[in-house]
Amino acid sequence: MILEKIENRTAHAGVIGLGYVGLPLMVAIASAGFRTTGIDICPQKIERLKQGISDVPDVPNTVLAPLITSGQIQVTTSFGVLEDLNTVNICVPTPLREDRTPDMQYIVAAAEQVAQYLHAEQLIVLESTTYPGTTEEFVLPILNTDKNKNAPIQRLEVGRDFYLAYSPERIEPGNSTYYVTNTAKIIGGVTPGCTKVAETFYAQFINKIHTVSSSRTAEMVKLLENTFRSVNIGLINEVALICDRMDLDVWEIIDAAATKPFGFMPFYPGPGTGGHCIPVDPHYLSWKAQKYQYHARFIELASEINNEMPKYVVEKISHALNLQRKALNGSKLLILGVAYKKDVSDTRESPALEVIRLILDKKAEFVYHDPYVSNLSLDNKTTYHSKTLTADLVQSADCVVILTDHGAIDYNWLVEHAQSVVDTRNATRLVQIGQEKIIKI
Ligand SMILES: NC(=O)c1ccc[n+]([C@@H]2O[C@H](COP(=O)([O-])OP(=O)(O)OC[C@H]3O[C@@H](n4cnc5c(N)ncnc54)[C@H](O)[C@@H]3O)[C@@H](O)[C@H]2O)c1
């Protein structure tokens with residue numbers, strides 16, 4: 001039965017959605033000895049993966065390719081393989097619609113495919129970040145529908161015939177200290193039996209498992225974690241705005257406060273939040289809270305402050321140019337870093353996009369350099385290309401704007417050649433010569 005197959009690692013494991021979350025997960029499962037099949041709707045991605053090429057920096061080709069070559073991992077666009085799978089992890093996107101409500105279309109599509117091939121002794125785990133109740137109130141009814149022409153007359157019962165759980169992914173792209181296998185995993189099943197099967201599965205490849213009482217609880221845990229970050233980033237961004245008015249250095253203040261060994265955790269200001277999680281996930285919670293007649297004020301406020309930061313960055317650029325008797329209109333700006341955070345290539349929801357929109361509105365010219373992002377598409381209209389970082393490029397800019405503090409940049413060299421610098425990340429904190437050229441947020 002399923003527990004036995006999991007424990008002796010003969011279960012055939014599957015992952016649906018092979019992006020930043022699904023790909024590292026698939027590699028972790030396969031590395032524990034499970035025959036693993038990855039399914040993704042993007043044919044180009046599947047072709048690259050078949051050649052052992054990873055799009056996710058946290059999964060190097062040197063790790064992926066041997067697993068593909070040996071057949072330990074197979075990848076496909078075809079969902080028919082679900083018939084043979086004992087375990088299925090769903091890692092599809094959960095974005096927001098334009099009106100900032102949850103866009104559930106990817107979960108629906110994946111769950112409908114699973115429903116077609118659902119069979120006894122199968123474990124289904126949702127990992128996508130979503131609102132409390134999704135697994136039980138939204139995915140389970142899809143699995144229970146009789147779309148499947150081959151469906152048994154007797155419907156499969158959750159917790160008895162098949163198992164359904166929620167386990168939030170805790171991947172932090174670019175973090176080489178904490179990765180899939182050494183980050184504790186939260187698991188909440190729809191029934192206690194579901195929790196047990198899911199726990200047994202994850203225990204094969206993750207060091208520490210923490211089970212909770214239900215899938216709804218597990219969903220809420222993930223939203224607490226991400227809302228905590230969003231709110232604290234919002235708070236420190238607000239403190240940065242206050243410090244600016246008071247002519248205080250917020251970075252010095254945070255460093256000093258961080259010497260307190262208890263009751264304080266440093267968060268840092270910046271040009272705004274980005275990525276698929278922090279600007280998005282808390283809205284899944286506020287949307288659901290509204291169904292309970294509750295208006296989630298902290299979430300909305302943090303989001304408001306974080307979303308205002310690009311405007312503040314543009315004010316700082318304007319100030320830096322003003323000191324040189326220049327206007328934004330017609331000035332040449334060099335944007336350094338367009339990824340949403342240090343040492344990653346992800347530009348989804350990156351605040352750089354909003355900063356660029358705003359400076360273009362003011363008729364400034366810009367080029368960018370990002371060692372991780374060779375092309376940048378703005379609103380699906382214009383594509384920009386990363387320029388090579390040369391002394392000429394830096395010197396020719398009226399202002400260099402550091403939006404992402406990538407580790408590969410030599411900031412001493414940068415400041416030496418720059419006319420002026422707006423630093424939104426305190427990346428230049430160790431620069432010795434030329435501090436007078438730098439304006440920080
Ligand atoms: N990126 C992160 O740092 C992170 C961290 C924790 C949790 N999450 C959550 O994990 C989920 C996935 O995020 P991601 O960053 O991996 O997204 P992603 O866009 O990198 O990857 C999603 C993949 O799913 C595929 N896909 C979409 N619909 C599909 C379907 N119906 N069937 C099969 N494949 C499908 C896409 O082609 C893509 O390859 C989201 O809910 C996200 O909030 C992300």
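In this text, all values refer to a predicted model and were calculated from it rather than measured experimentally.

The rules behind the values
- Residues numbered from 1 in each chain as written.
- Predicted model: local features only at pLDDT ≥ 70, side-chain atom pairs only at ≥ 80, totals over all residues.
- Pairing = 2+ DSSP bridges.
- Helix = DSSP H or I, 4+ residues; strand = E, 2+ residues; numbered from the N terminus.
- Near = placed C-beta within 6 Å.
- Nonpolar A, V, L, I, M, F, W, Y, C, P; charged D, E, K, R; others polar.
- Expected span 1.5 Å × (residues − 1).
- Contact = placed C-beta atoms within 7 Å.
- Domains from an automatic or database assignment.
- Axes fitted to C-alpha atoms, helices over the stretch in contact; angles between N-to-C directions.

## So, the pairing of strand β12 (residues 382–385)
And step 1. Bridge analysis of strand β11 (residues 375–378) against β12 gives four bridges, and the strand direction is antiparallel. The residue of β12 that forms the bridge with Asn375 is His385.
And step 2. Count of turn residues in the β11/β12 antiparallel hairpin: three residues, of which Asp379 carries a positive phi of about 55°.

## Some remarks on the site of the ligand
And step 1. In the neighbourhood of the ligand, 26 residues make up the surrounding shell, with Gly17, Gly19, Val21, Ser128 and Thr129 lying closest.
And step 2. The greatest single-element share of the shell around the ligand, amounting to three residues, is contributed by helix α5 (residues 105–117).
And step 3. By residue class, the composition of the shell around the ligand is 16 nonpolar, seven polar and three charged.

## Here's the deal with α5
And step 1. Given a rise of 1.5 Å per residue, 13 residues ought to cover 18 Å, and the 19 Å separating the end C-alpha atoms of α5 matches this to within 8%.
And step 2. On the buried face of α5, the contacting elements are β1 (12–16), β4 (87–90), β5 (123–126) and α6 (134–143).

## A word on the domain arrangement of the protein
And step 1. One can read the domain layout of the protein as domain 1 (2–213) and domain 2 (233–440).
And step 2. Relative to domain 2, the C-alpha centre of domain 1 lies at a distance of 35 Å.
And step 3. The interface is formed by 14 residues belonging to domain 1 together with 14 residues belonging to domain 2.
And step 4. Split by residue class, the side of domain 1 that touches domain 2 holds eight nonpolar, five polar and one charged.

## What to know about the sheet that holds β1
Backbone hydrogen bonds are what pair the strands of a sheet, in a parallel or an antiparallel way.
And step 1. Strands sit in the order β3-β2-β1-β4-β5-β6-β7-β8 across an open sheet of eight strands; the sheet is mixed. Two strands lie at the open edges of the sheet, namely β3 (73–76) and β8 (209–211), each paired on one side alone. Strand-to-strand twist across the sheet, computed as the mean angle between neighbouring axes with direction ignored, equals 25°.
And step 2. When strand β6 (residues 163–166) meets strand β7 (residues 185–189), the two strands line up antiparallel, connected through two bridges. Bridge pairing in β7 links Ala165 to Gly189.
And step 3. Each of β6 and β7 touches helix α8 (residues 215–246); the most contacted strand, β7, lies at about 150° to it.

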